[in-house]
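One-letter residues, chain by chain:
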Amino acid sequence: MNDLNFQNIKNVSNDPVKLSAIYHSPDFEKNYYYPEELGAIYSPDATTFRVWAPLADFVSLCLYEQGSGGKLLQKQALHPADHGVWERTITGDLDGVYYTYEISNFGVSTETADPYAKAAGVNGRRSMVVDLSKTNPPRWENDTFQRPEHPTDAIVWEIHVGDFSNDPSCGVRKEWRGKYLAFTEPNTTLPDGRTPTCVNYLKKLGVTHVQLMPVYDYGSIDETQAGKAFNWGYDPLNYNVPEGSYSTDPFHGQARILELKKMVAALHQAGIGVVMDVVYNHTFEGPGSWFHRTVPYYYHRTTSEGKFADGSACGNEVASERCMCRKYIIDSVRYWAKEYHIDGFRFDLMGLIDVETMNRIRAELDKLPDGRKILLYGEPWYASTPAMPAGNFPADKEHLSLLNPRIGVFCDNTRDAIKGDVFFRHKKGFVQENLKFENDVKASLQGWTRNDFAKPLAMAPTQIVSYVSAHDNLTLWDKLIASTKRGRIYTAYDEEMVRLNKLCAVLYLMAQGMPFLQAGEEFARTKRGMDNSYRASAARNRLDWKRTLEFSDLLDYYRGLIEIRFAFPMLRDSSVHTAGKMKFVDSVPGTVAFTLRDGKELLFVCVNVLSEPAEIQLDSDLPKDWIIIADGSKAGIVPFGKLHGNKFLLSRKSALILKAEVV
Ligand code: CA
């Protein structure tokens, strides 16, 4: 087993335990790491098919006329080349030709799509050769987006492509509803003709980026029946191909590419960046995956008993630490950034990916033009990964100090401190008067970078994604209802709930870090109490755009807070400097108040979660003339009132944000 050359690796048995030992050996990396491009490498004169299959006895290429069914055009053997690669060049213009590989490993032959495919037929079972230059929308070469300087200058709004426009009253033409192209429909409104919806709405919200829930090709929806079923799509089938069910034509591989690019261009034109939700931690199937069919057990971790490890709870986990798997993930992320002009990546269950891979992704993105401003963050949840070999570290919350400071994590401490535990619907957070979270709320405001109130988590605010709701768990509105009105489902306007919602918004939008919100949180989105709607109906999931009218005061409040965040750079500091300057004011339990000074500018932010008014007294050496920029009902940089003195009465369950000039 010490002499791992290309000849004898084929003599090993199909034993996952033995294979795993080989795959982890430095000799394997030395002999089989292949640094060049893989896949169907297209030119108008010829296409080179190149696949990495070091264990294979033979590999054949099958060319098809169609993405499913239809006739086999030809079948050609690939030739073994160096480092476990097989390849063959076919002359002629193959743009739009579908293909698969027939690969024999351990004497058993299987047909597989190309893991490196850039295009695919309906349902992704056949790959497609594509001339990408023909998939660009008009003026694609001029497509630009002014990426914010630092992650802390971004505000990310998370949306599912279908949810964005599945509401029949959203103003998007029927055939584009639920599709990529809905984002390209200009000037959409509610039936009243006045109230903006969709991208027209986003232009005025103030968020800098949308985060798209999976748009790579996933396996759970039958694309021939698109629109009949709903899924979030956390089941990757083809990592480098767009999902077909969001396309108006899933049968022709070019359409989904063109339409996704049109969507990106339309968002960029509206001044909004695009973050992709990527799921490199597991695949749709383990044994059935293209990965496993091509190189058995290579791309997935296995247990000491030889079973697929399952840290994802989705049946398998990807072995990111292995050299060709790491290369795969890095190549894939770079491809989306370059080919689709993607401005950020949100890593699903990043805790299953190793630190080294995440840091290398950051370094590779940094090399792209304007690449340092590409956002990179993920879920740092602890996932038991006994199958990750020693010497590697999971990119989870415990290992933040090993990650590049420009890799962020969703901060569940902030989320749960503000509005309560996500796993128990009745549990309350600080805004529902659970005062035990007061110190955690203060630490959240400091971006978890200091040890004044709690154990610090991050090296800089750029590592902290501050949020209170995302696609998982109850919507913020449903959580507030569930934790205060036990057992009731309540979707109509409720003054008390709106108060609590506004307090949540103040606490994370005024915090150091990168704010993030689930689409519609700002207009009281509800899924009628459902905490996991990943395959519920489209109707349950979709944004109900009429709520922007019904909850217009809440929506205006969010807009105002976002304005305030952008008007005061100290709220967006990418360094730990500002967190150290926040002066917390002594006040009664149930209130949190701090002042923050930058040059002549002084901000005072305070919240009172109590059911009665509370008095806050500031130091006597502070200015006495204050301008109100937010109170319990309104927020915004256009001042709407003044206060004099250093003692303020805060109404029940409300916030107050003031500014003053230091002379
Ligand atoms: Ca699909």
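Keep in mind it's a predicted model, so treat the numbers as computed, not measured.

1. A few points about the pairing of strand 1 (residues 39–42)
In this structure, strand 1 lies alongside strand 2 (residues 46–52), joined through four bridges in antiparallel fashion. Its bridge partner lying in strand 2, A40 is registered against F49. Following strand 1, the chain reverses through three residues before pairing antiparallel with strand 2.

2. Regarding the packing of aromatic side chains
Applying the stated criterion across every chain, the model contains 45 aromatic pairs. On the numbers, 4.7 Å between centres and 70° between planes, the contact of Y116 with Y328 is edge-to-face. With Y116 in the loop between strand 8 (108–112) and strand 9 (127–128) and Y328 in helix 7 (residues 323–339), this pair connects stretches of sequence that are 212 residues apart. Overall, the relative accessible area of 12% leaves Y116 in the buried class. Given a relative accessible area of 2%, Y328 falls into the buried group. Above the ring of Y340, the side-chain terminus of K261 is found at 5.6 Å from the ring centroid.

3. Here's the deal with the pattern of salt bridges
Under the counting rule described, the total for this entry stands at 39 salt bridges. A salt bridge links D95 to K134; the shortest N-O distance between them is 3.7 Å. Of the two residues, D95 is situated in the loop between strand 6 (85–91) and strand 7 (98–105) and K134 in the loop between strand 9 and strand 10 (156–159); the sequence distance between them amounts to 39 residues. Judged by relative accessible area, D95 falls into the partly exposed class, the value being 22%. A relative accessible area of 55% places K134 in the exposed class. Put simply, R450 and D452 hold a salt bridge, and the shortest N to O gap is 2.8 Å. Classification of R450 as partly exposed rests on a relative accessible area of 29%. Residues joined by salt bridges that share partners form a network here, namely D277, R346, D348 and E379.

4. Let's talk about the coordination of the calcium ion
Protein coordination of the calcium ion is provided by D217 (OD), Y218 (O), E223 (OE) and E243 (OE), with donor distances spanning 2.2 to 2.3 Å. The motif formed by the donor residues of the calcium ion, counted along the single chain, is D-Y-x4-E-x19-E.

5. Points about the domain arrangement of the chain
Once the domains are mapped, the chain shows domain 1 (33–135) and domain 2 (151–497 + 537–551). Taken together, the 36 residues of domain 1 in the interface contact 34 residues of domain 2. Counting each side, the surface lost to burial between domain 1 and domain 2 is near 2,900 Å², with a carbon and sulfur contribution of 60%. Counting the contacts that link domain 1 with domain 2 gives 13 residue pairs in polar contact (both at pLDDT 80 or more). Residue composition of the side of domain 1 that touches domain 2, by class: 22 nonpolar, eight polar and six charged.

6. So, the environment of M276
Tracing the chain through its elements places M276 in strand 14 (residues 273–278). Classification of M276 by relative accessible area gives buried; the value is 0%. Here the alpha-carbon distance between M276 and V215, two residues 61 residues apart in the chain, equals 7.4 Å. In this view, M276 contacts L212, V215, Y216, W336, I342, G344, F345 and R346; residues no more than four positions away in its chain are not counted.

7. Here we look at the nonpolar core
For soluble globular proteins, the rule of thumb is that nonpolar side chains tend to be buried together. The biggest cluster of nonpolar side chains holds 159 residues, and the ones touching the most others in it are W52, W157, F345 and F347. Built from parts of two domains, this core gets at least three residues from each of domain 1 (33–135) and domain 2 (151–497 + 537–551). Setting aside residues up to four positions removed in sequence, F347 forms contacts with V278, Y280, I329, V333, I353, M358, I361, L376, Y377, G378 and E379.

8. Digging into the pairing of strand 7
With eight of eight residues buried, strand 7 lies mostly within the body of the structure. Side chains Y98, T100, E102 and S104 project from strand 7 onto one buried face, and the interleaved Y99, Y101, I103 and N105 project onto a second face that is buried too. Examined bridge by bridge, strand 3 (residues 56–64) and strand 7 share eight bridges and lie antiparallel to one another. Pairing of F58 across the sheet is with S104, part of strand 7. Of the strand pairs in this sheet, strand 7 and strand 9 are connected by two bridges, and their pairing is antiparallel. From the neighbouring strand, Y99 faces strand 9, where its bridge partner is S127. In the sheet, strand 7 pairs with strand 8 via five bridges, with the strands oriented antiparallel. Each residue of the ladder has a partner; that of E102, found in strand 8, is E111. The antiparallel hairpin formed by strand 7 and strand 8 contains two residues in its connecting segment, where F106 sits at a positive phi of about 55°.

9. What about the environment of N359?
When you line up the elements, N359 lands in helix 8 (residues 355–366). With 268 residues separating them along the chain, N359 and I627 place their C-alpha atoms 44 Å apart. Not counting residues within four places of it along the chain, the set of residues in contact with N359 comprises L402, L403, N404 and I407.

10. A word on the confidence of the model for the chain
For the chain, mean pLDDT is 96; residues scoring 70 or higher make up 98% of the total. Low pLDDT (under 50) marks residues 1–7, which in the prediction has 15 contacts with non-local residues, meaning those over four places away or in another chain.

11. Some thoughts on the sheet that holds strand 6
Spatial ordering of the open sheet is given by 1-2-6-5, a layout of four strands whose pairing is antiparallel. With one partner strand each, in any of the chains shown, strand 1 and strand 5 (79–80) form the two edges of the open sheet.

Cut-offs applied
- Residues numbered from 1 in each chain as written.
- Predicted model: local features only at pLDDT ≥ 70, side-chain atom pairs only at ≥ 80, totals over all residues.
- Heavy atoms only, no water.
- Pairing = 2+ DSSP bridges.
- Helix = DSSP H or I, 4+ residues; strand = E, 2+ residues; numbered from the N terminus.
- Phe/Tyr/Trp six-rings, centres within 6.5 Å; stacked < 30°, edge-to-face > 60°.
- Buried < 20%, exposed > 50% of the residue type's maximum accessible area, 1.4 Å probe, protein only.
- Lys NZ or Arg CZ within 6 Å of the ring centre and 35° of its normal.
- Salt bridge = Lys/Arg side-chain N within 4 Å of Asp/Glu carboxyl O.
- Donors = N, O, S within 2.8 Å, 3.2 Å for Na, K, Ca; no water.
- Domains from an automatic or database assignment.
- Contact = heavy atoms within 4.5 Å.
- Buried area = accessible area lost by both parts, 1.4 Å probe.
- Polar contact = N/O pair within 3.5 Å; in protein donor to acceptor, adjacent residues only side chain to side chain.
- Nonpolar A, V, L, I, M, F, W, Y, C, P; charged D, E, K, R; others polar.
- Core = buried A, V, L, I, M, F, W, Y, C linked by side-chain atoms within 4.5 Å.
- pLDDT = per-residue confidence, 0-100.

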